[in-house]
Structures are given as structure tokens and as C-alpha cells.
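Secondary and tertiary structure notes
Listed below are the residues making up each chain.
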Amino acid sequence: KIKGDIQKAKKLIEKLKKEKEFHRTSHKKLVYDNRRLNVTIKRLKKQCQIFEPTIEELKKKFKNEIKEKMMMKLEKDRHKARAQAAESLQEEAEKKLLAFKMSSNEIDQEINAITPKNIPYESTPFPPLEERNNPYTKNELSHCNFKSYSLKNSVNAHFNSISALAVHPFKDIIATGSD
């Protein structure tokens, strides 16, 4: 019986040695994997630190682009509203013009109804220049006595110097002009 117990004890010791070896190799593998993962994590952290300023800059650019997009959309809406307002104003102006044309057509019809049809206005040609006579060429104009003129009224209408002067031939009127 002792031999059987010794055999059982040897088998149990071998089994325990195998389990111990298995756990030892598993532990070594886990420690190796843990070290490898720690090295990888440290390397990735360094890479992240390198890319962090770039990421922040890209975030700022993205925010600016979103703001610009919104501003462009607002500006587009503003221009669209202005265009619609301009179109409505144009439509109103066209309606008023159409109403004016209609009223001017009515006025033309009334004028045509009043004027006699037998007078050809457009068909009458002007006489040639040689046949035209100036009715005032034979008239003798009396010389004006400017000393007898006096100032009746003065209007401050010219901002610049006077560059033109005209005297009416029959009435006591003088007109001035400037730039």
C-alpha cells in the first residue's frame, strides 16, 4: 500500500510541477505582453503629443470655416431678400409704366379725335435754306441806352463766376449764366 501511495504522490508531484511550469510560462508571457503594451502605449502617447498642436489648429480652422459658411449663408439670404425686393419694385414700376402707357395711349387717341385728319403734319417738308427768309433782317434795332438801366432785383444764384450774359431784344430783361 505504501508503494501505491508513493506512486500517487509522485504522480501528484509531477502534475503539480507541470501546472507550476504552465503557470510560470503563462506569467512570463503576460509580463512580456504587458511590457510590450506599455512600450507601445508610451510610443503612441509621444505621437499624440506631436499631433496635438496640429489637431488644435485644425479644430480652430474648422470652427472658422463653419463661421464663414454661416456668414456666407447669411449674406446669401440678405442678397436674396434684396433681389426679391428689387424684383417687386421692378414689377411695380412696370405696372405703373404700363398704366402710364395706357393713359398716354388714351391721350393720343383723344388728340387724334380732336385734330382734323386732312392736315398732313409729317408730309410737309421744310423749305430749302435759300427760300427761307428771316423776318427780322430788315428791322432796325435801336441801340440800347445802358446808362438808363437800373437794378430792380438781384438773385444770388451763381456759385461760380458768370460766364454768359443775354439781353432780350424787346423787353427789359437780362439773363446770366455760369458753370
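Scroll up to find the structure.
This write-up is about the structure you can find in this document. (Residues numbered from 1 in each chain as written. Predicted model: local features only at pLDDT ≥ 70, side-chain atom pairs only at ≥ 80, totals over all residues. Heavy atoms only, no water.)

Some words on the overall build of the chain
- Per the secondary structure count, the chain includes 1 helix and 2 strands.
- In sequence order, the chain lays out its α and β elements as α-β-β.
- Sorting the 179 residues of the chain into buried and exposed places 1% on the buried side.
- Carbon and sulfur atoms form 59% of the exposed surface of the chain, whose accessible area is close to 18600 Å². (Helix = DSSP H or I, 4+ residues; strand = E, 2+ residues; numbered from the N terminus. Buried < 20%, exposed > 50% of the residue type's maximum accessible area, 1.4 Å probe, protein only. Areas by Shrake-Rupley, 256 points an atom, 1.4 Å probe, with all protein chains shown as cover.)

Quick notes on the pattern of salt bridges
- Tallied over the full model, the rule gives 4 salt bridges.
- Notably, a salt bridge pairs E56 with K59, separated by 4.0 Å at the nearest N-O pair. Residue E56 and its partner K59 are both found in helix α1 (residues 2-114); the two are separated by 3 residues, about one turn of the helix.
- Exposure remark for E56: the relative accessible area of 40% places this residue in the partly exposed category.
- We classify K59 as partly exposed; its relative accessible area is 47%.
- Here K61 makes a salt bridge to E57, at a shortest N to O gap of 3.7 Å. Of this pair, K61 and E57 both sit in helix α1, 4 residues apart, which is roughly one turn of that helix.
- In this structure E57 comes out as partly exposed when scored by relative accessible area, which is 44%. (Salt bridge = Lys/Arg side-chain N within 4 Å of Asp/Glu carboxyl O.)

Some points on the pairing of strand β1 (residues 162-167)
- Judged from the 5 bridges that link them, β1 and strand β2 (residues 174-178) form a sheet pairing that is antiparallel. Bridge pairing in β2 places V167 opposite I174.
- Between β1 and β2, which pair antiparallel and follow one another directly, the connecting turn spans 6 residues. (Pairing = 2+ DSSP bridges.)

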